[in-house]
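# Understanding the architecture of this molecule
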Amino acid sequence: MTGLERGAVNTLQKDLNCTVKCPCFNNALNNSLIKGCNVQSVRNTFGTISEVVAFFNSSAKRNFVLKKCLGQSLHSLCQTRWVEKHDSILQFSTSLIKIIEALDNISEWSDTMASSKAHNLSKSLTCCEFIVALHVIANIFSITSPISRLLQSKKQDKLSATNIIKNVLSRLKAKRQESNDFFSEIFDVCRNTFEKLNISVYLPRLCAKMSKRSNPNINDPVDYYRITIFIPFIDSIINDLTNRFSDEVIGIFDLDLFLPKVLAQAFLDKCVIANKIKNVMDKFGGFLSKDLSLSKDLIEIKLKGEIELWYEFWVNNDEIKSIEFPDTAIDTLKYCEVLLYPCITIFLKILSTLPASTSSAERNFSSLRRLKI
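As the structure is a computational prediction, the values presented were derived from the model and not from experiment. (Residues numbered from 1 in each chain as written. Predicted model: local features only at pLDDT ≥ 70, side-chain atom pairs only at ≥ 80, totals over all residues. Heavy atoms only, no water.)

## So, the overall build of the chain
The cut-off we apply is this: Here a helix means four or more residues in a row that DSSP labels H or I, a strand means two or more in a row labelled E, and each is numbered from the N terminus. Contact between two residues is taken to exist if any of their heavy atoms lie within 4.5 Å; hydrogens are not considered.
Looking only at helices and strands, one finds 19 helices and 0 strands in the chain. The contacts in the chain between residues at least 6 apart in sequence include a share of 67% that link residues at least 24 apart.

Right, dumping it as structure tokens:
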């Protein structure tokens, strides 16, 4: 969809000059987390979890054993249902010991296929590398899980979604910079799991030259797993999020200039407001020129005048001072007179129609199967 040469986005932008790339924030966040699966240990961990979930869900008898130990079924590790994927990882990390207990019970059955499969899965779950990777993923997902839910809400607008993504990046970068401290906390949780399962902490077998796996010359398990799992995983997510939400993509949100709260602060700094006006005109000047049948230079002059009146309306108007500044573009539009602020009205409408997520549309597509039936 977003290929540089033959992607749908690129094709549309060639034919439609005013088209602006506006990605679904939740989808972009999910894709960034999937990119983290390129780390071998993380990819293997996701694969093992998927096998365990499929093993229990494929048999009512096995699922009964799991429910007896755990009290509930396991959430599937779905690639498209973003919240469910988070829930699956968090549930698996907190219920690991009981899941292993259920597998051990099944491994004692007389059914050869089920018992051997359960035994192999139990051995995989008691591997040090798996346990460390699982808790690393759970630690990152504990940050992105509530955000993923929030980004799917119907009232979420693009501006607040942008701030949410920036907060995620800021938090992940803080974890990366203080990786020693943060990973020490994660490894303490892993140690508790090792003790409960009677597992001794060990390093994978290392040799002088390895081409398929990280091979740092380290004897300390904490440093080894931090360098081979935690740092590559979090770096992958940070880099991918940074690329997906580049300045070009975030640049369209200089439309927030027309929100009263932002305008009240930006108006005091002439450089900031000049840059925002320039960015907005570069993005949407051609569109406004066609819509209003005016030249871009004239529109820019009119826009500056409208902004000054808009600022006076919100800051120095005694009737408005008693009202709280609206947070969203839709609420702000109620106060915007079309004849007095024609340019600002159009910009607010554009900002109002930029979706933070495609979740609502996808819910409608999912509901179509009821009509087909």
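## Structural notes on the state of the cysteines
Quick reminder of the rule: Put simply, a disulfide is two cysteine sulfurs that come within 2.5 Å.
Throughout the structure, instances matching the rule amount to 0 disulfides. Between Cys127, a cysteine without a disulfide, and Cys128, which holds the nearest cysteine sulfur, the sulfur-to-sulfur distance is 6.3 Å.

## A closer look at the confidence of the model for the chain
It should be kept in mind that the predicted coordinates are not to be read in detail where pLDDT is low. Put simply, the rule is: pLDDT measures how confident the predictor is about each residue, on a scale from 0 to 100.
Here the chain averages 81 in pLDDT, and 78% of its residues register 70 or above. The secondary-structure element of the chain with the lowest mean pLDDT is helix 19 (residues 359-372), recorded at 56, while helix 6 (residues 96-106) shows the highest, at 94.

## Re the packing of aromatic side chains
In plain terms, the rule: Working definition: rings of Phe, Tyr and Trp (its six-membered ring) pair if their centres are within 6.5 Å, and the pair is stacked with planes under 30 degrees apart, edge-to-face with planes over 60 apart, and tilted otherwise. The classification of residues rests on relative accessible area computed with a 1.4 Å probe and restricted to protein chains. Under 20% of the type maximum is buried, over 50% is exposed, and intermediate values are partly exposed.
Evaluated as defined, the whole model comprises 17 aromatic pairs. Seen from their ring centres, Phe183 and Phe187 are 5.9 Å apart, and the 40° between their planes marks the pair as tilted. One end of the pair, Phe183, and the other, Phe187, are both in helix 10 (residues 179-196), 4 residues apart, so they sit about a helical turn from each other. A centroid spacing of 5.1 Å and a plane angle of 70° characterise the contact between Trp314 and Tyr335, whose relative ring orientation is edge-to-face. In this pair, Trp314 sits in helix 15 (residues 296-315) while Tyr335 sits in the loop between helix 17 (329-333) and helix 18 (342-353), placing the two residues 21 residues apart along the sequence. Judged by its relative accessible area of 2%, Trp314 is buried.

## Structural notes on helix 3 (residues 40-57)
Our working rule: To estimate how far a helix should extend, the number of its residues minus one is multiplied by 1.5 Å.
Between its first and last C-alpha, helix 3 extends 26 Å over 18 residues, near the 26 Å set by a 1.5 Å rise per residue. For helix 3, every residue scored as buried is listed here: Ser41, Val42, Thr45, Phe46, Thr48, Ile49, Val52, Val53, Phe55 and Phe56.

## Some words on the environment of Ile89
Structurally, Ile89 is set in helix 5 (residues 82-94). Taking the C-alpha atoms as reference, Ile89 lies 7.5 Å from Ile137; in sequence the two are 48 residues apart.

## Points about unusual backbone geometry
Even without a glycine there, the phi angle at Asn198 is positive, about 55°. Inspection of the secondary structure assignment puts Asn198 in the loop between helix 10 and helix 11 (221-244). With a phi close to 55°, Ser293 is a non-glycine residue in the positive phi region. Within the secondary structure, Ser293 is located in the loop between helix 14 (270-292) and helix 15.

## Remarks on the nonpolar core
To be explicit about the condition: Working definition of a nonpolar core: buried Ala, Val, Leu, Ile, Met, Phe, Trp, Tyr and Cys residues. They are joined through side-chain atoms within 4.5 Å.
Counting 65 residues, the largest nonpolar core has Phe56 and Phe92 as the members making the most contacts within it. Apart from residues lying up to four places away in sequence, Phe56 is in contact with Arg62, Asn63, Leu66, Leu74, Ile99, Ala102, Leu103 and Ile106. Counting residues in each nonpolar core, the second largest holds 31 residues, with Leu257, Ala266, Phe267 and Ile350 among its members.

## Quick word on the packing of helix 6 against helix 7 (residues 112-125)
The line we're drawing: Comment: axis = line fitted to C-alpha atoms, over the contacting stretch for helices; angle = value between 0 and 180 degrees taken between N-to-C directions. With respect to orientation, any angle under 35 degrees is reported as roughly parallel, any angle over 145 as roughly antiparallel, any angle of 65 to 115 as roughly perpendicular, and every other angle as oblique. For any helix crossing, the convention is left-handed if the near helix is rotated counterclockwise from the far helix by under a right angle, and right-handed if that rotation is clockwise. Charged means Asp, Glu, Lys or Arg here, nonpolar means Ala, Val, Leu, Ile, Met, Phe, Trp, Tyr, Cys or Pro, and polar covers whatever is left, Gly included.
One way to put it is that helix 6 packs onto helix 7 with a least axis distance of 8 Å and a crossing angle of 150°. As the angle between them shows, helix 6 and helix 7 are arranged roughly antiparallel. For the crossing formed where helix 6 meets helix 7, the hand is left-handed. Every residue of helix 7 that contacts helix 6 at Leu96, Ile99, Ile100, Leu103, Asp104 and Ile106 is listed here: Ala114, Ser115, Ala118, Leu121, Ser122 and Leu125. Considering only residue class, the contact of helix 6 with helix 7 consists of 9 nonpolar, 2 polar and 1 charged.

## Comments concerning the pattern of salt bridges
Heads up, the condition is: Note on definitions: salt bridges are taken to be side-chain nitrogens of Lys or Arg within 4 Å of carboxyl oxygens of Asp or Glu.
Tallying each qualifying case throughout the model produces 8 salt bridges. Between Glu300 and Lys304 there is a salt bridge, with the nearest N and O atoms lying 4.0 Å from each other. With Glu300 and Lys304 both in helix 15 and 4 residues apart, this pair spans about one turn of that helix. Residue class for Glu300 comes out partly exposed when judged on its relative accessible area of 26%. Assessed through its relative accessible area of 42%, Lys304 is described here as partly exposed.

## A closer look at helix 10
Selection rule: Read the arc as the range of directions from the helix axis to the C-beta atoms.
In this model, helix 10 (18 residues) spans 26 Å end to end at C-alpha, consistent with the 26 Å of a helix rising 1.5 Å per residue. Of the positions making up helix 10, those classed as buried are Ser179, Phe182, Phe183, Ile186, Phe187, Cys190, Thr193 and Phe194. Considered in projection along helix 10, the buried side chains sweep an arc of 130° and stay on one side of the axis. Of the exposed residues in helix 10, the ones pointing more than 90 degrees away from its buried face are Glu185, Glu195 and Lys196. The first or second residue beyond helix 10 is Asn198, which carries a positive phi of 55°.

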